[in-house]
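Coordinates in review
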Amino acid sequence: MKRTLSIIKPDGVAKDVIGEVIKRIESNQLKIIAMKMLQMTKTQAEGFYAVHKERPFFDSLTDFMASGPIVVMVIEGKNVIDKYRELMGATNFEEAAEGTIRKDFATDIEKNVVHGSDSPETAAFEIAYFFNTFEIASR
Ligand code: CMP
């Protein structure tokens, strides 16, 4: 699997860093092969983050993810899952490396600007959650 799902979260859209995130993807030999802006319902956010449903932050996370528009993208490239996670930085922005998206723009462990799939299995589920085959370009 050389594809991953990226989300620019509601805080990232509100901070006007959509272009900044896209620039970092495109300038690191990764290609955007599908993209759209939408707003999830609470139920859709709960479905997306179902693996976290026992976590104490689940209710707050799904409220936040449904609170405003997001940008979802499918990204393709060599080692894309690890590479995009490197570009994002650690989940907790305080632990994120210099020059990463979260270090530069996140202000909160929950409102951390971006999401990226963490394994090929997760990527397959997450891509199919937002896109059908006809919405994904081959480049
Ligand atoms: P994400 O990579 O989208 O995966 C799960 C999300 O839960 C995470 O980013 C954060 O937005 C959110 N979250 C909130 N609190 C925590 C926490 N304590 N640990 C991990 N993730 C958290």
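Reference entry: report on the structure contained in this document. (Residues numbered from 1 in each chain as written. Predicted model: local features only at pLDDT ≥ 70, side-chain atom pairs only at ≥ 80, totals over all residues. Heavy atoms only, no water.)

What follows covers the overall build of the protein. The helix and strand inventory of the protein stands at 7 helices and 4 strands. Reading the secondary structure of the protein in the N-to-C direction produces β-α-α-β-α-α-β-α-α-β-α. For the protein, the residues scored as buried account for 46% of the 139 residues in total. Nonlocal contacts in the protein, meaning residues at least 24 apart in sequence, comprise 77% of its contacts between residues at least 6 apart. Per element, the accessible surface of the protein, about 7300 Å² overall, is 52% carbon and sulfur. Of the side chains in the protein, 18 bear a positive and 21 a negative charge, and the two mean positions are spaced by 6 Å. (Helix = DSSP H or I, 4+ residues; strand = E, 2+ residues; numbered from the N terminus. Buried < 20%, exposed > 50% of the residue type's maximum accessible area, 1.4 Å probe, protein only. Contact = heavy atoms within 4.5 Å. Areas by Shrake-Rupley, 256 points an atom, 1.4 Å probe, with all protein chains shown as cover. Lys, Arg positive; Asp, Glu negative; His and termini not counted. Charge placed at Lys NZ, Arg CZ, Asp CG, Glu CD.)

This brings us to the environment of E121. Take E121: it is sitting in helix α7 (residues 120-130). A residue is classified by how much of its surface remains accessible, and E121, at 58% relative accessible area, is exposed.

This next bit is on the side chain of R24. Along the chain, R24 turns up in helix α2 (residues 18-26). Polar contacts involving the side chain of R24 include one to the main-chain carbonyl oxygen of G99, which spans 3.2 Å. (Polar contact = N/O pair within 3.5 Å; in protein donor to acceptor, adjacent residues only side chain to side chain.)

Let us now look at the pairing of strand β1 (residues 3-8). The element β1 is largely enclosed, with a buried count of 5 among its 6 residues. Pairing of β1 with strand β3 (residues 70-76) involves 6 bridges; the strand directions are antiparallel. The residue bridging L5 from the neighbouring strand is V74, located in β3. Pairing analysis gives 3 bridges linking β1 to strand β4 (residues 114-116), with the strands arranged antiparallel. Residue pairing for β4: S6 is matched across the bridge by G116. (Pairing = 2+ DSSP bridges.)

Further remarks concern the sheet that holds β3. With antiparallel pairing, the 4 strands of this open sheet are ordered in space as β2-β3-β1-β4. Each end of this open sheet is capped by a strand with a single partner; those strands are β2 (31-38) and β4. On average, each strand axis in the sheet is tilted by 15° relative to the strand beside it, whichever way the strands run. (Axes fitted to C-alpha atoms, helices over the stretch in contact; angles between N-to-C directions.)

Counted by the stated rule, this structure contains 5 aromatic pairs. Pairing Y129 with F130 gives two aromatic rings, centres 5.5 Å apart and planes at 75°, and the pair type is edge-to-face. Aromatic ring contacts, followed pair by pair, group F48, Y49, F125, Y129 and F130 into a single cluster. Over the face of the ring belonging to F64 we find K111, whose NZ or CZ atom lies 5.1 Å from the ring centre. (Phe/Tyr/Trp six-rings, centres within 6.5 Å; stacked < 30°, edge-to-face > 60°. Lys NZ or Arg CZ within 6 Å of the ring centre and 35° of its normal.)

Next up on the list: the nonpolar core. I8, V21, I25, M73, I75, Y84 and V114 are the most contacted members of the largest nonpolar core, which totals 21 residues. Going through the elements one at a time, α2, β3 and α5 (80-88) are the ones with two or more residues in this core. Counting residues per element, this core draws most heavily on α5, which supplies 5 residues. Excluding its chain neighbours within four sequence positions, the residues that come into contact with M73 are T4, L5, S6, I8, V21, I22, I25, I32, A34, M35 and F131. Formed by 19 residues, the second largest nonpolar core is a distinct cluster that contains L5, I33, A34 and M65. (Core = buried A, V, L, I, M, F, W, Y, C linked by side-chain atoms within 4.5 Å.)

The values are spatial; any link to function lies outside them.
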